[in-house]
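Single-letter residue listing:
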Amino acid sequence: MTKKKLLLGLLPLLLASCNEGPAALSEYIVPLPLFQGKETVNVLHITDLHWSAGTDVIREKDYFDSLFEGAKPDLVVTTGDNVLLGSPKLIDTQLSILDELAKKYDFHFMTTFGNHDRQGSFHPDYWIEAFAKTERGIYRQLKGIYGKSNYVIALTDGSNNPLWNVFALDSNTYRQTGMSYEYDVIHEDQIQWYEDIETMSNDAPNLVYCHIPLYETEYAFRLAGEAGAKLEDNTGRPGVSAPGKIGRYSGTMDEKDVVKNEELGPSRCAVGYERTRMFEAMEAHEGRGVFFGHDHVNDFCAEYTLNEEGTPKITIGYGLKTGDGLYYDAKMMGGTLATLQKDGSVEYFRCFQGYGENSFRKEAMFQ
Amino acid sequence: MKKANLILKIMEGVAFALSGLCLYYAFPDIVELLFSTTPDPVSMIPYFLMTILLLTIFFTSHALLHNASKTSRKVTLCLGGGLLLTLGAANTIYLMVLAFQGGFANLWESRFNLLYPVDSLIVSLLSDFLGAALILYGWKKADAVEFVCPSKKTMWKRILGDYLFGPLFLMISMFFLGAFLHLPWTIDRDPKNLGVTLPFYFLMVLPVVEVGLYEYLARENKDEKKTYSYMMIGVTSFLGAGIVFSIWGYFASINNPYALTESMTAYFPIDSMGSMNLGPVLLTFINLLPGLIYLLNYLFAKKKELTKKENA
């Protein structure tokens, strides 16, 4: 712990001194020497837990116990909608269970918020207080840019250079338009912050976790249909054009078609009110994967690039919804595992976890 | 006689405030229960029953204060008392069974508010006692208690006002009172959106203040002329304040489309679930509509009546 604390103090200063970016940016880099003595690091993505006053927390604890036992994560990322209409006590209970299991299975955990995490009988900054009570929980709230849960975990081998960056980016909640709300997006200053951090990190390979999906997910889904994808209900929309190029893909989208805006047309992704340049920024800065939640019965993932002549290098897609809160499909429930290598390569797996004994199953995402 | 009415008024006021606190948690959870696959609704039932009991106490004491006849008083006593007794007993037994089956982590597991489930147990036991007292003692002494401001409305006005829209208005006001009372724990510590949220905080509490002033000060005043002028000043003042705060809030939120979703989600839970701007609209309605109806329907008619009396 002493070594980690030392690194925690030194690394931001060293990173800040290596370039001309504002020193304040490095304040929200949290170094974790998870690669020390190891060649691989497992990052488990869980999402949309949707705990509420009616949740049986003992049952959920057993669920997580089985999932973490099977997936063997080093870092767990939750991409929001952790609670729905929660009380402060519910948040404390959830985090204390995660903390207890984190100590049992030796991992750290972090979160980025969904559109529901700020609803409940608590003030908007309560999550800071709640995370401060944990030992293995990591949460930062960057000031000066839009949103709350924006920060980055720099995975190192004990040296000063991050081998991987794991970004939590707040996809925010809603934007009011008259009588209705539209889903918000990752704002431009957040994207600029991401780019600045990557520049400071000499473009370390990185994963981005957020809650609301990017428009590029729908593009990839359409291209999968054009490629003659045998998606479960054959809804890859053959004949509907989309920019970019895909590589391998898997999963499906069982959410209903909705027309969010004219730009996108009918889509099964509950996207934000406009397309942003987040994906382009990732393509320019060694992005390897961007994962989200939000749509509980979508688990589509694909290797994708916006450049039709390029090589699809970024895996974009949904993590498996975790648990049966709010609504779910028992066939796509669990977590999504990214096994990161020191050389910058990554393999993805789906970790299916149901309720009941012996219901863990791990499969390669692209077979 | 006055003692009985005083007790009823205290009961009415306390039950109103506690109902608001309960509704603040109960209402969004009921909505969530209807639209989700929440695996354990069974353990939430004592909380909903506690809310119903508190609402019953409020409506029963309010009705007893304003019954129009001995018959309606006795009906209120039987119905209200009976409901409190049976629901209170049922909830008490249900809580005991749940507790023995390990349904609660401890007496203060705080799943809803900080005191749950012990608060539900206390309210249930209190309701048992109150229910029995209303039926036994009230039935014996009911005739001796004077009527306080018996309602003189026609049947249709009673149905629409006292049994339909009135309770709806009161329950919405209760919810926002509960939300307002939670401000110390839920208010956004960052003051950047205060210019947008401040008018809504006022709108949350104004209807309750207005109703409270009416029920406890104006309604029992025997001097018709004085009552009329108090009501005229009061209703127009509150209506004016409601219009000012509503316009302020509306234009401020148009100017900053993120403010409500950043700072007010604790008070507008359904808005985020349904992606609609329901909370501010409801607040505007409960601040403007009852006052307007009262002004047009009653006060102007009263003015004519008073003028006729003066001329006669």
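Here the structure is a predicted model, which means the values were calculated and not measured. (Residues numbered from 1 in each chain as written. Chains lettered and ligands numbered in written order. Predicted model: local features only at pLDDT ≥ 70, side-chain atom pairs only at ≥ 80, totals over all residues. Heavy atoms only, no water.)

With respect to the packing of aromatic side chains
Considering all chains together, one arrives at 37 aromatic pairs over all chains under this definition. Summarising the aromatic geometry, the rings of F113(A) and W127(A) are spaced 5.4 Å apart at their centres and angled 50 degrees between planes, so their arrangement reads as tilted. With F113(A) in the loop between β4 (108-111) and α4 (126-132) and W127(A) in helix α4, this residue pair connects regions lying 14 residues apart in the sequence. Considered together, F113(A) and W127(A) belong to a single accessibility category, that of buried residues. Through pairs of rings, three or more aromatic residues link up here, namely Y24(B), Y25(B), F27(B), Y47(B), Y116(B), F175(B), F176(B), F200(B) and F268(B). (Phe/Tyr/Trp six-rings, centres within 6.5 Å; stacked < 30°, edge-to-face > 60°. Helix = DSSP H or I, 4+ residues; strand = E, 2+ residues; numbered from the N terminus. Buried < 20%, exposed > 50% of the residue type's maximum accessible area, 1.4 Å probe, protein only.)

Some words on the sheet that holds strand β2 (residues 40-46) of chain A
Paired through backbone hydrogen bonds, the strands of a sheet run either parallel or antiparallel to each other. Residue and element names in this part refer to chain A. Ordered in space as β5-β4-β3-β2-β17-β18-β19, the seven strands form an open sheet in which the pairing is mixed. Two strands in the sheet have a free side with no partner beyond their single neighbour: β5 (137-138) and β19 (360-364). As paired elements, β2 and strand β3 (residues 75-78) share four bridges and run parallel to each other. Along β3, the bridge assignment pairs V43 with L75. Packed on one face of the sheet, helix α2 (residues 57-71) meets β2, β3, β17 (334-341), β18 (346-353) and β19 and runs near 150 degrees to β2. (Pairing = 2+ DSSP bridges. Contact = heavy atoms within 4.5 Å. Axes fitted to C-alpha atoms, helices over the stretch in contact; angles between N-to-C directions.)

A word on the packing of helix α7 (residues 194-218) of chain B against helix α8 (residues 224-255) of chain B
Packed helices, taken two at a time, are described by the angle between their axes plus the distance between the axes. All names here are of chain B. α8 packs onto α7 with a crossing angle of 165 degrees between their chain directions and a minimal axis gap of 8 Å. It follows from the interaxial angle that α7 and α8 lie roughly antiparallel. Relative to α8, α7 is oriented so that their crossing is left-handed. Among the residues making up the contact of α7 with α8, the classes are represented as 19 nonpolar, six polar and one charged. (Parallel < 35°, antiparallel > 145°, perpendicular 65-115°, else oblique. Left-handed = near helix turned anticlockwise from the far one by under 90°. Nonpolar A, V, L, I, M, F, W, Y, C, P; charged D, E, K, R; others polar.)

Some details on the pattern of salt bridges
All names here are of chain A. In total, this model carries 23 salt bridges over all chains according to the counting rule given. With a closest N to O distance of 3.5 Å, E60 and R59 form a salt bridge. For R59, a relative accessible area of 27% gives the class partly exposed. Across the pair E182 and R175 runs a salt bridge, and its minimum N-O distance is 3.3 Å. Where salt bridges share partners, they join R59, E60 and D324 into one cluster. (Salt bridge = Lys/Arg side-chain N within 4 Å of Asp/Glu carboxyl O.)

Looking at the interface of chain A and chain B
On the side of chain B, 38 residues touch chain A, which itself brings 36 residues to the contact. At the junction of chain A and chain B, the tally comes to zero salt bridges. Along the contact surface separating chain A from chain B lie ten residue pairs in polar contact (both at pLDDT 80 or more). Among the secondary structure elements, those contributing two or more residues to the side of chain A that touches chain B are β8 (174-177) and β9 (180-183) of chain A. Grouping the amino acids of the side of chain A that touches chain B by side-chain chemistry returns 14 nonpolar, 15 polar and seven charged. (Polar contact = N/O pair within 3.5 Å; in protein donor to acceptor, adjacent residues only side chain to side chain.)

Details of the sheet that holds strand β10 (residues 206-209) of chain A
Residue and element names in this part refer to chain A. Strand order in the open sheet formed by eight strands is β1-β6-β7-β10-β14-β16-β15-β11, and the pairing between neighbours is mixed. The open sheet is flanked by β1 (29-32) and β11 (245-250), the only strands paired with a single partner. Pairs of neighbouring strands in the sheet enclose a mean axial angle of 20 degrees, with direction left out of account. Note that β1 and strand β6 (residues 151-155) share four bridges and pair parallel. Paired with I29 across the bridge in β6 is V152. Contacting β1, β6, β7 (164-168), β10 and β14 (287-292), helix α5 (residues 188-200) crosses the sheet at an angle of about 165 degrees to β7.

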